[in-house]
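Structural overview
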Amino acid sequence: MKINTLKRSLAALTACLVLSAGTTMMPITSTAASNIISNSTFDSGTTDWGIYKESGGKATLSTENGKLAMTVTDLGSLNYAVQLFYDIVPLYQNGVYRLSFEISSTVDRYVEAMIQQNGGTYQAYTWMGLDISSTPQTINHEFTMEAETDIMSKFCFNCGDQGDALGEHKIYLDNVVLELVDDSNVNYSSFMPYEPDIMTNQVGYKPDAKKTAVFRNVSGETSFSVVNADTKAVVHTGELYGETENLYAEEFDWLGDFSAVTEPGKYYITCGNLDDSYEFEIAEDVYGNLLDDSVKMLYLQRCGCQVVDSDFGHPACHTSKATIYGTSQTIDVSGGWHDAGDYGRYVVPAAKTIADLLYAYEKAPDLYGDNTGIPESGNGTPDILDEARYELEWMLKMQAESGGVYHKVSCATFPGYIMPQGETGKLIVTPVSTTATADFCASMALAYEFYYDIDKNFAENCLAAAEKAWAFLDANPKIIFKNPEDIVTGSYEDTKDVDERYWAAAQMYRATGSQTYLDYLNSTSAKTGLDWSTVGDYGNIALLTMKGIDKTSKAYTNALSAVKQQADGFAAVSKYNPYGVSLNVFNWGSNMTVANAGIILGLYYDITGDETYNTAANANLHYLLGKNPNGVCYMTGYGTVSPLNPHHRPSMAVGKAMKGMLVGGVNSRLEDSAAKAYLANSPSAKRYVDHSESYSTNEITIYWNSPLTYLLSLTEKAGNTSSVKGDVNADGEFGVADVVAMNYYLVIREHDLIDWQAGDLCEDGVIDSFDLVAMRKLLAENS
Ligand code: 9MR
Ligand code: ZN
């Protein structure tokens, strides 16, 4: 049988139905009489079939004589304690289906066959009770899908406990056919997400920002208009330009520049027969609330304390002592933030989050108020620092006596879709890793600097903990964490710790100025990465932003060239991508990678003052907030179309998306059932689905929010501004050293001005010889 052809055409149809622009309907008859089940005759093994086991159920799967054969050795204590399943069958509401299969068993027994919701309430869409025996019988069953369309329902057989004790036996299955025989009453448009024709940042733009929209499905249109949403007046018209075949999104894109529109207000864009864009705003403070919410989300992720919120408030959760894996020893590790859509707490991603928050604050302290509505609001410390401290206090509890740091704390498995206080299973602290220890060391050294003026005691505790961690690292070679077999929660497994050690050394050097760390840095190459698994760029940031660092040191120059190389790469990709995003490859958490690219670009703009990098940093921000092939603003609660069904347990339990969370975004690898069901035929740059089961595209995490916070700090306060005119080396005063630096910059064209804006004495946005002349004059006047 041409199984693969059938599968492909069905998948293609499904993908088109779900994802194509809402203009063309698929010919509905084309689904009829195609077998939805791919491996239906078991000529090629058990592919696509599996067994779910729980409550004591035991079984194995194989094939025998071209049939699927399940050997049941223990029925368990529930009817679904042994469940044979085929994941992902699309059922469309009002579709009429025919199901048939041949089934037998080596013992007489009862089984249930059904197609059900894969998650949620597990409601059965169709159900049959069957008495089976060693004589194969063919079951024919027709049904209408009454429930709402479910693209990823699950076909399964409950083969667990059914009242009688049965010895070991086998169940055979063959010739499984599921066909949509009548779709005349299916309203396909009801579940097709709309794809806009014109994409902009849906939140909006600052008045002086570069603003471009992407246009697709263009057929003959050559110009566009920007319309004031309130007055309906056309405020700007422009020409489409830059037609590009976008291979990653499988579309042709045009651009339209409307940077000329600077008047604050609400606007949308029209273009011939294309659908109007969504509305967006132009305002100086257009990202203010979003920035606050990006941090406020962390409060709502707090663990171990009561959280007050009208929707997501909950009593203290996960307060019991945790058992150290493999021992009977228990310790208190309460506190911190739930990592993501699950309730695990993991040191490695926590460290990334801390770094983003503290550097975000360092870059733009005036953006962060003391009134965002957290319990510490009004205490005189900016809320972002209070929030970060909540996590730091927890991290301190994760340090073992040895100085090493436990990798994580969680239950053994992920809980159901419940609020956090509902997860009451045993908490397990897993062993120390050097990745967690080095990340911890870096975070604590960083914290020391930020809390010194706020709470000296706390700051000194942080530094002492960092030093203890460093001593552990010094004494121990790499210790890599891997989930033990009985723990399935996030592993954050990383086989290399050199970048973590590099970051720790850089941060220790920045905090203490001690030669030991500089020697370490000078004796190694710069590392890169702002991910949970590669963190070298945090080391680079530490060095490049360190006051008074010797800029001729190998540590500094290595860090600078590592950042330059990445920034150049990101700027180039951004320039040639119609959406302006710096990625061509989209993996799990790609929105973090986009934000991270923006951070490197923003940082390098601060160092060089070269507008190219600032433009590219902003372009990545615009991508995240709506100017992307899916036309989705990936921050919940913002823009016109944002995720409504994030994979986030509190949101799923409450039935409403928590506001202010950045979802993972496009992941071309189809790493969950929903992604497989919805996206198999989508182009790589569009593989995102707003489905709560799509944890590989639509989950949220603390460390996907935090780089957005940092990126916003960088783009809001782009450029390194010193109040001292001419102070290009940003040492707080203007003098000969600044003139030398300026000379060096202009002659050798090396980007070496820390504060380029201070050097723009002619105030024309560029640094050139006129500024140097003005600087010399200023120096003469001063002396
Ligand atoms: O963000 C992580 C991603 O890079 C990995 O590919 C993925 C699979 O290992 O795990 C992601 O992290 C998840 C973590 O393991 C558990 N909490 C939710 C995280 C986000 O999906
Ligand atoms: Zn908790």
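Quick note: structure is the one above.
The following paragraphs examine the structure supplied in this document. (Residues numbered from 1 in each chain as written. Chains lettered and ligands numbered in written order. Predicted model: local features only at pLDDT ≥ 70, side-chain atom pairs only at ≥ 80, totals over all residues. Heavy atoms only, no water.)

This part covers the side chain of Ser706. Of note, Ser706 is situated in helix 16 (residues 702-716). Residue Ser706 is classed as buried on the basis of its relative accessible area, which comes to 1%. Looking at Ser706, its side chain comes within polar contact range of the side chain of Asp356, at 2.8 Å. Those residues within four positions of Ser706 in sequence are excluded, and the remaining contacts are Lys352, Thr353, Asp356 and Leu357. (Helix = DSSP H or I, 4+ residues; strand = E, 2+ residues; numbered from the N terminus. Buried < 20%, exposed > 50% of the residue type's maximum accessible area, 1.4 Å probe, protein only. Polar contact = N/O pair within 3.5 Å; in protein donor to acceptor, adjacent residues only side chain to side chain. Contact = heavy atoms within 4.5 Å.)

This brings us to the site of ligand 1. The immediate surroundings of ligand 1 are formed by Asp339, Ala340, Asp342, Gly490, Tyr492, Trp532, Trp588, Glu699, Thr701, Tyr703 and Trp704. One of the side-chain N or O atoms of Asp342 is found 2.9 Å from a nitrogen atom in ligand 1. One of the side-chain nitrogen or oxygen atoms of Tyr703 is found 2.7 Å away from an oxygen atom of ligand 1. Considered on its own, ligand 1 offers 450 Å² of accessible surface; in the complex 77% of this is hidden by protein. Tallied by class, the residues present in the shell around ligand 1 amount to six nonpolar, two polar and three charged. (Near = heavy atom within 4 Å. Areas by Shrake-Rupley, 256 points an atom, 1.4 Å probe, with all protein chains shown as cover. Nonpolar A, V, L, I, M, F, W, Y, C, P; charged D, E, K, R; others polar.)

Bringing the coordination of the zinc ion (ligand 2) into the picture now. Donor atoms from the polypeptide that coordinate the zinc ion (ligand 2) comprise Cys303 (SG), Cys317 (SG), His318 (ND1) and His338 (NE2), at 2.0 to 2.3 Å from the metal. Coordination at the zinc ion (ligand 2) comes from four donor atoms whose angles at the metal span 100 to 116°, giving a geometry best classed as tetrahedral. Sequence spacing among the residues donating to the zinc ion (ligand 2) works out to C-x13-C-H-x19-H. Highlighted residues: Cys303 in the loop between helix 2 (288-300) and strand 20 (322-324) and His338 in the loop between strand 21 (330-331) and strand 22 (345-346), separated in sequence by 35 residues. Taken individually, Cys303 and His338 each receive the classification buried, so the pair is uniform in this respect. (Donors = N, O, S within 2.8 Å, 3.2 Å for Na, K, Ca; no water. Tetrahedral: all angles 85-135°; square planar, octahedral: opposite > 155°, others 65-115°.)

Once that is clear, we can look at the pattern of salt bridges. All told, the structure shown has 25 salt bridges when counted by the stated rule. Ionic pairing is found between Lys686 and Glu195, a salt bridge with its closest N-O pair at 3.3 Å. Of this pair, Lys686 sits in the loop between helix 14 (673-679) and helix 15 (695-698) while Glu195 sits in the loop between strand 10 (169-182) and strand 11 (198-199), placing them 491 residues apart in sequence. We classify Glu195 as buried; its relative accessible area is 9%. The partner of Arg510 in a salt bridge is Glu362, and the shortest N-O contact between them spans 2.8 Å. You can see Arg510 sitting in helix 7 (residues 498-512) and its partner Glu362 sitting in helix 3 (residues 347-363), a full 148 residues away along the chain. Its relative accessible area of 10% is what places Arg510 among the buried residues. (Salt bridge = Lys/Arg side-chain N within 4 Å of Asp/Glu carboxyl O.)

Inspection of the secondary structure assignment puts Leu670 in the loop between helix 13 (649-654) and helix 14. Judged by its relative accessible area of 17%, Leu670 is buried. Leu670 sits 545 residues away from Tyr125 along the chain, and the two C-alpha atoms are 25 Å apart. In this structure, Leu670 is in contact with Ala675, Lys676, Leu679, Ala680 and Arg687, ignoring residues within four places of it in sequence.

We now examine the sheet that holds strand 21. Read from one edge to the other, the open sheet built from five strands follows the order 21-20-25-24-22, with strand pairing classed as mixed. Every interior strand has two partners, whereas the edge strands, strand 21 and strand 22, have only one. Pairing of strand 20 with strand 25 (residues 428-429) involves two bridges; the strand directions are parallel. If you follow Ile324 over to strand 25, its bridge partner there is Val429. (Pairing = 2+ DSSP bridges.)

Among the nonpolar cores identified, the biggest contains 160 residues, and Met395, Tyr451, Leu543 and Tyr623 are the most heavily contacted of them. Examining the composition of this core, we find that 12 residues originate from one element, helix 5 (residues 434-451), more than from any other. With 51 residues, the next largest nonpolar core counts Ala674, Tyr678, Leu679 and Val689 among its residues. (Core = buried A, V, L, I, M, F, W, Y, C linked by side-chain atoms within 4.5 Å.)

Looking now at empty space enclosed by the protein. Empty space among the atoms can be located by rolling a probe the size of a water molecule over them. Overall, the coordinates contain five cavities of 30 Å³ or more when judged by the stated rule. When its volume is computed, the largest cavity comes out at roughly 90 Å³. If you trace the largest cavity, you find it lined by Leu291, Asp292, Val295, Lys296, Leu367, Tyr368, Gly369, Thr372, Ile374, Asp383, Ile384 and Glu387. Taken together, the elements giving at least two residues each to the lining of the largest cavity come down to helix 2 and helix 4 (383-397). Broken down by element, the residue count for the lining of the largest cavity peaks at four residues, all from helix 2. Class assignment of the residues belonging to the lining of the largest cavity gives a composition of six nonpolar, two polar and four charged. (1 Å grid on protein atoms, 1.4 Å probe; cavity = no way out; pocket = protein on both sides within 12 Å on 5 of 7 lines; lining within 4 Å. Points joined across faces, edges and corners; volume = space filled by probe spheres on them.)

Note: most peptide bonds trans; most residues except glycine with negative phi. The phi dihedral of Asp48 is positive, around 75°, even though this residue is not glycine. Within the secondary structure, Asp48 is located in the loop between helix 1 (3-19) and strand 1 (49-53). Residue Asp48 is classed as partly exposed on the basis of its relative accessible area, which comes to 34%. In this structure, Asn217 takes a positive phi of about 60° despite not being glycine. Along the chain, Asn217 falls in the loop between strand 13 (212-215) and strand 14 (223-228).

What follows concerns the packing of helix 9 (residues 536-544) against helix 11 (residues 590-608). At a closest axis distance of 12 Å, the pairing of helix 9 and helix 11 adopts a crossing angle of 20°. The angle between helix 9 and helix 11 falls in the class roughly parallel. Relative to helix 11, the crossing made by helix 9 is left-handed. Where helix 9 abuts helix 11, its residues Asp537, Ile541 and Leu544 lie against Ile599, Ile600, Leu603 and Ile607. Looking at side-chain class alone, the contact of helix 9 with helix 11 contains six nonpolar, no polar and one charged residues. (Axes fitted to C-alpha atoms, helices over the stretch in contact; angles between N-to-C directions. Parallel < 35°, antiparallel > 145°, perpendicular 65-115°, else oblique. Left-handed = near helix turned anticlockwise from the far one by under 90°.)

With that out of the way, let us pick up helix 3. Relative to the 24 Å expected for 17 residues at 1.5 Å per residue, helix 3 spans 24 Å between its end C-alpha atoms, a close match to the ideal helical length. Counting buried positions over the 17 residues of helix 3 gives 16, a clear majority of the element. (Expected span 1.5 Å × (residues − 1).)

This next bit is on a nonpolar patch on the surface. Taken together, the side chains of Tyr744, Val747 and Ile748 define a hydrophobic patch exposed on the protein surface, amounting to about 300 Å² of accessible area. Tracing the backbone through its elements, the reader meets Val747 in helix 17 (residues 736-748). The class of Val747 is exposed, set by a relative accessible area of 62%. (Patch = residues over 30% accessible without salt bridge, like charges linked within 9 Å, V, L, I, M, F, W, Y side chains within 5 Å.)

Throughout the structure, instances matching the rule amount to zero disulfides. Left unpaired, Cys411 is separated from the closest cysteine sulfur, that of Cys303, by 9.9 Å. (Disulfide = S-S within 2.5 Å.)

Attention now goes to the side chain of Glu391. On the secondary structure map, Glu391 appears in helix 4. Within the buried set, Glu391 has no salt-bridge partner at all; the shortest N-O distance to an opposite charge, 7.7 Å, is to Arg345. One polar contact links the side chain of Glu391 to the main-chain amide nitrogen of Trp337, over a distance of 2.7 Å. Dropping the residues within four chain positions of it, Glu391 is found in contact with Gly336, Trp337, Ala350, Ile354 and Ile702. (Lys, Arg positive; Asp, Glu negative; His and termini not counted.)

In this section: the sheet that holds strand 12 (residues 204-205). Sheet architecture is open: five strands sit in the order 12-19-18-14-15, paired in mixed fashion. A single partner strand is all that each edge strand has here, and the edge strands are strand 12 and strand 15 (234-239). Relative to strand 19 (residues 280-282), strand 18 (residues 265-270) runs antiparallel, the two sharing three bridges. Bridging across to strand 19, Tyr267 finds its partner in Phe280.

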